[in-house]
Amino acid sequence: MSNTILKVKNLTKNFYTASGVLSAVSNISFEIKTGETLGVVGESGCGKSTLGRAILRLHEPTSGEIYFDGTNITKLPPAEMKQLRNKMQIIFQDPYESLNPRMSVSQAIAAPLLIQKRYKSSQKHEINQKVLEMMDLVGLARRLVNSYPHELDGGRRQRIGIARALVLNPKFIVCDEPVSALDVSIQAQILNLMQDLQEQFGLTYMFITHDLSVVKHLSNKILVMYLGQMVELGTPSQIFENPLHPYTQALLSAIPVPDPNIPMKRVALTGEITSPINIGEGCRFAKRCLYAKEECSNVSPEIKKIEPGHLVMCHLFS
Amino acid sequence: MSKAIENKANGQNKARSAWSEIIRRFKKSKPALFGLMFILFLVLVSLVTIVLDISNPEIYNNYVIKQNLRNKLDPPSWQHPFGCDEFGRDILFRVIWGTRYSLFIGLISIMIALFLGGTFGAIAGYYGKHVDNIIMRIMDVFLAIPSMVMAVAVVAALGTSTSNLLLAIAIPQAPRLARIVRASVMTVKDKEYIEATRALGASNATIIVKYVLPNAMAPIIVQASLSVGTAILNIAGLSFLGIGVQPPTPEWGSILSSARTYMRDAWHISVIPGLVIMITVLSLNLAGDGLRDAMDPKLKN
Amino acid sequence: MNSDLIIKNLSVNYQTDDGLVYALDQVDLLIKEGSSHGLVGETGAGKTTLAKSVMRLLPERTARVISGEVYYQGKDLLKEDMAAIRNIRGEQIAMVFQDPMTSLNPVLTVGEQIAEAIEVHGELSKSEVQQKVGEILEMVGIPADRAEEYPHQFSGGMKQRVVIAIALVCNPKVLIADEPTTALDVTIQAQVLETIKELRQKLNTSMLLITHDLGVVAQNCEHVSVMYAGEIVESASVKEIFSGMKHPYTKGLFNSIPKINVNVTRLIPISGLMPDPTQKPQGCKFADRCPQMMAICLKSKPELKEVSPEHHVRCYLYDSI
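A short tour of the structure in this document, coming up. Remember, predicted model here, so these are calculated numbers, not experimental data.

1. Focus: the overall build of chain B
When its secondary structure is counted, chain B shows twelve helices and zero strands. Projected onto its principal axes, the C-alpha coordinates of chain B cover approximately 75 × 50 × 35 Å. Taken over 301 residues, chain B has a buried fraction of 49%. Taking contacts inside chain B between residues at least 6 apart in sequence as the whole, the part at least 24 apart equals 71%. Here chain B has roughly 14,400 Å² of accessible surface; of this, 68% comes from carbon and sulfur atoms. Taken together, the 29 basic and 18 acidic charged side chains of chain B have centroids lying 6 Å from each other.

Shown next as structure tokens:
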């Protein structure tokens with residue numbers, strides 16, 4: 001057992017809908033080392049949230065394997081999975097939706113402790129102590145302990161979400177767009193908080209986002225997804241300075257730079273993300289790709305290692 | 001302007017729970033408050049009559065069911081404000097003593113309906129797919145039968161007794177409530193906080209009982225409170241048909257039923273109990289509507 | 001006639017259960033004919049209220065215009081009657097809303113909805129209307145034959161193009177775009193903003209672009225105003241503001257966004273939260289979050305000062321200049 005905390009092998013998740021098979025995650029493999037952050041980037045509908053949930057087995061994977069701390073957890077029975085939930089947690093995107101409106105701040109933070117039976121509900125004093133400790137940790141004023149979510153702003157709600165995820169002392173946290181719903185000035189507060197907590201507790205993050213610039217300074221590795229497939233994987237400098245996949249290039253060039261003196265040199269990307277239902281063989285980006293050749297829409301490209309740690313799935317490199 | 005509320009909370013740290021917020025908004029609607037007051041008044045009236053019956057059964061025997069043919073069909077007067085019925089009994093007394101039947105049969109039958117419909121609706125909504133399909137198709141079959149006809153059928157099959165009457169009223173209402181519960185559970189179960197709870201390792205039963213149902217409650221309570229009105233009408237209807245509460249018990253519907261024959265000679269014995277039923281049902285509907293508005297977060301300001 | 005849109009001294013309140021919310025406080029804004037003006041601010045800054053005031057779309061039950069004028073072609077829009085306003089809406093000033101999913105009517109075809117916008121304002125024959133629908137669709141990059149389709153057959157980006165087509169079909173002089181791309185993916189956002197840019201150039205339409213994204217402003221606007229808690233705190237040309245932003249809030253906002261073109265290891269957030277909109281502090285509204293707060297900031301409210309030509313700042317730090 002090295003210091004790899006999470007290893008995902010050929011993970012696939014299909015949903016069976018009325019109109020056909022929806023391929024949300026297709027054959028994705030990667031590893032995350034303890035204490036590091038993997039940024040998962042892609043546009044809406046690319047399957048990045050499904051990937052995160054499949055790893056936590058909130059969605060049962062269709063095929064593939066997930067190893068956590070060296071153990072294969074893909075088929076773990078519910079009782080053992082419940083134990084494992086102590087170690088892997090999730091922070092959600094929408095702080096307005098992810099908190100039970102009928103639970104006060106203290107109830108929300110205490111809920112995990114009761115569900116995992118760390119304390120009995122009679123141990124009021126201990127629970128309260130722990131709740132206050134968590135509130136201090138995530139920067140929530142103690143006087144808010146009895147407030148309800150609807151009385152608080154987005155930033156504070158997200159702090160509750162973080163406290164709830166952290167109270168069990170997990171090692172690995174899936175962060176599903178934790179700052180996308182927040183105002184920019186609050187966004188920075190939360191990102192910094194998450195960075196601090198990572199340092200303090202040696203946490204491992206899988207940071208899911210649609211915004212490449214958000215993961216740039218947080219991640220050790222970035223995984224770019226398009227329509228359920230991993231199109232590129234690399235370190236931030238590899239992805240930002242030397243993006244190989246045409247989609248990564250397009251994504252980077254579409255971000256408006258906050259500097260009027262750097263005009264956007266946009267890679268003209270036409271069309272929109274196609275439906276992931278009953279998708280056939282071939283590169284899923286082919287329809288929008290500037291460099292698409294005939295084989296692109298017929299044959300799925302292999303994942304190629306271009307340099308150490310930099311993988312790309314594109315026929316241009318095969 | 002939820003920001004405003006948030007910032008106030010920052011300053012004062014006053015815990016305003018979702019429920020106290022609802023109560024505050026409910027109070028702002030005058031018709032709803034009137035409805036609620038009238039229902040509480042009726043509850044009080046029935047409780048008082050129950051206490052009186054226990055402490056002094058003579059009142060019931062002498063004033064409510066004892067016939068006094070000298071006063072037969074007397075119109076309203078100072079002595080008998082609501083007038084007298086075909087056996088010379090004071091209608092005011094009969095209406096007051098009849099409150100408990102309408103009210104409690106209405107309330108209890110809806111509770112039964114809520115329990116039955118709620119359980120099936122919650123299961124159908126939470127588990128979805130085949131479970132949902134099977135349960136809801138059975139409910140659809142029940143919904144296809146007019147509620148009065150079904151109630152009559154239930155009473156006819158099981159015989160007339162209070163408990164059968166409760167069932168007869170509850171069974172046709174259950175599928176309606178099941179639909180509401182199912183829809184409401186379905187919207188709540190996909191919320192992220194439910195997923196968050198699942199990620200914490202909570203079991204399905206815990207999630208349904210502690211997380212889904214409390215949040216799905218609002219529309220259910222509203223529908224249930226509106227259903228009580230329907231239930232009261234159904235009881236009156238059954239009694240009117242002669243298969244509900246049996247005479248001489250002074251149930252409102254049975255008072256109306258016996259009044260039918262004398263409608264031309266004595267308007268008051270049908271109009272007055274009819275008005276009482278109407279006002280009661282109206283009050284329930286007003287209170288239910290007020291509750292719905294108070295619980296709708298979109299109408300917050 | 002000159003088609004500048006001039007907003008002067010505009011103050012708007014909302015009456016809520018929690019008291020009076022001061023949504024706009026003496027806002028001045030000038031959108032020159034043909035120019036594009038960015039309005040930047042966070043949730044609750046009053047951006048949407050400003051847009052709705054100009055369009056006279058404020059909720060009548062709760063909103064009160066306390067003071068101010070909105071001049072357009074020599075008329076004060078706030079004083080015109082609704083019939084006159086209806087003529088101006090769409091034909092002179094058009095608006096694009098944030099959410100393309102909800103701003104289209106699901107039971108009418110896209111073509112019918114565009115045609116409706118034309119018919120309201122002009123008397124054209126059926127075939128002329130059809131021709132115009134086709135033209136505008138092609139202009140926003142949608143094949144004309146898709147006019148027969150319903151909104152649900154379009155993707156998010158396509159819907160927003162349709163909304164833009166509806167807004168621009170009558171050649172309005174001013175386009176107010178309220179977060180037009182916030183609900184869209186970046187690659188789609190880039191396409192939609194490009195479409196707006198091209199159309200504006202063709203039709204010489206001026207634009208008020210409301211956004212929280214400084215990047216979008218930098219790439220799409222000539223002028224920018226930064227709003228905070230109902231006030232304009234800084235206003236300048238885009239070039240000037242990005243090379244020398246003055247107000248501590250503007251600086252804070254800029255520092256707290258992760259930038260694609262700069263390497264940082266840690267962001268510098270603005271501490272604290274937006275002030276309670278039901279309170280009207282004596283001093284500067286940003287004072288309690290400001291790293292450079294001085295004694296005077298708590299005592300009285302700073303005025304908008306010109307620090308260099310066409311660059312205005314509401315801050316005591318630049319008082320001496």
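2. Concerning the overall build of chain C
Helix and strand counts for chain C come out as ten helices and twelve strands. Computed over the C-alpha atoms, the radius of gyration of chain C is 21 Å, within 12% of the 20 Å expected from 2.2 N^0.38 for a compact globule of 321 residues. For chain C, the proportion of its 321 residues judged to be buried stands at 55%. Looking at chain C alone, contacts between residues at least 24 apart form 64% of all its contacts between residues at least 6 apart. Counting only carbon and sulfur atoms, one obtains 50% of the accessible surface of chain C, whose full area is about 13,500 Å². Between the mean site of the 32 positive side-chain charges and the mean site of the 40 negative ones, chain C shows a separation of 5 Å.

3. A few points about the interface of chain A and chain C
Counting residues at the interface gives 41 residues for chain A, matched by 44 residues for chain C. Surface buried jointly by chain A and chain C totals about 3,600 Å² across both partners, of which 56% is contributed by carbon and sulfur atoms. Put simply, chain A and chain C have one salt bridge between them. Measuring nitrogen to oxygen at the nearest pair gives 2.8 Å for the salt bridge that ties Arg266 of chain C to Asp196 of chain A. Here chain A and chain C share 14 residue pairs in polar contact (both at pLDDT 80 or more) between them. Those elements that place two or more of their residues in the side of chain A that touches chain C are helix H6 (184-201), helix H7 (212-216) and helix H9 (246-254) of chain A. Residue composition of the side of chain A that touches chain C, by class: 20 nonpolar, eleven polar and ten charged.

4. Some points on the sheet that holds strand S6 (residues 93-96) of chain C
All names here are of chain C. Ordered in space as S6-S7-S8-S3-S9-S10-S12-S11, the eight strands form an open sheet in which the pairing is mixed. Each edge of the open sheet is held by one strand with a lone partner, namely S6 and strand S11 (305-308). The mean angle between the axes of side-by-side strands here comes to 20°, regardless of whether they run parallel or antiparallel. Note that S11 and strand S12 (residues 311-313) share three bridges and pair antiparallel. Each bridged residue has a counterpart across the sheet, and for Glu306 the counterpart in S12 is His312. Packed onto the sheet, helix H1 (residues 47-55) meets strand S3 (36-40), S6, strand S7 (174-178), strand S8 (206-211) and strand S9 (223-228) and runs at close to 145° relative to S6.

5. Quick notes on the environment of Ser297 of chain A
Residues and elements named next belong to chain A. Mapping Ser297 onto the fold places it in the loop between H9 and strand S11 (303-307). Between the C-alpha atom of Ser297 and that of Gly280, which follows or precedes it by 17 residues, the distance is 8.6 Å. For Ser297, the contacting residues outside a window of four places in its chain are Glu281, Gly282 and Ala286.

Conventions we followed
- Residues numbered from 1 in each chain as written.
- Chains lettered and ligands numbered in written order.
- Predicted model: local features only at pLDDT ≥ 70, side-chain atom pairs only at ≥ 80, totals over all residues.
- Heavy atoms only, no water.
- Helix = DSSP H or I, 4+ residues; strand = E, 2+ residues; numbered from the N terminus.
- Buried < 20%, exposed > 50% of the residue type's maximum accessible area, 1.4 Å probe, protein only.
- Contact = heavy atoms within 4.5 Å.
- Areas by Shrake-Rupley, 256 points an atom, 1.4 Å probe, with all protein chains shown as cover.
- Lys, Arg positive; Asp, Glu negative; His and termini not counted.
- Charge placed at Lys NZ, Arg CZ, Asp CG, Glu CD.
- Rg over C-alpha atoms; globule rule 2.2 N^0.38 Å.
- Buried area = accessible area lost by both parts, 1.4 Å probe.
- Salt bridge = Lys/Arg side-chain N within 4 Å of Asp/Glu carboxyl O.
- Polar contact = N/O pair within 3.5 Å; in protein donor to acceptor, adjacent residues only side chain to side chain.
- Nonpolar A, V, L, I, M, F, W, Y, C, P; charged D, E, K, R; others polar.
- Pairing = 2+ DSSP bridges.
- Axes fitted to C-alpha atoms, helices over the stretch in contact; angles between N-to-C directions.

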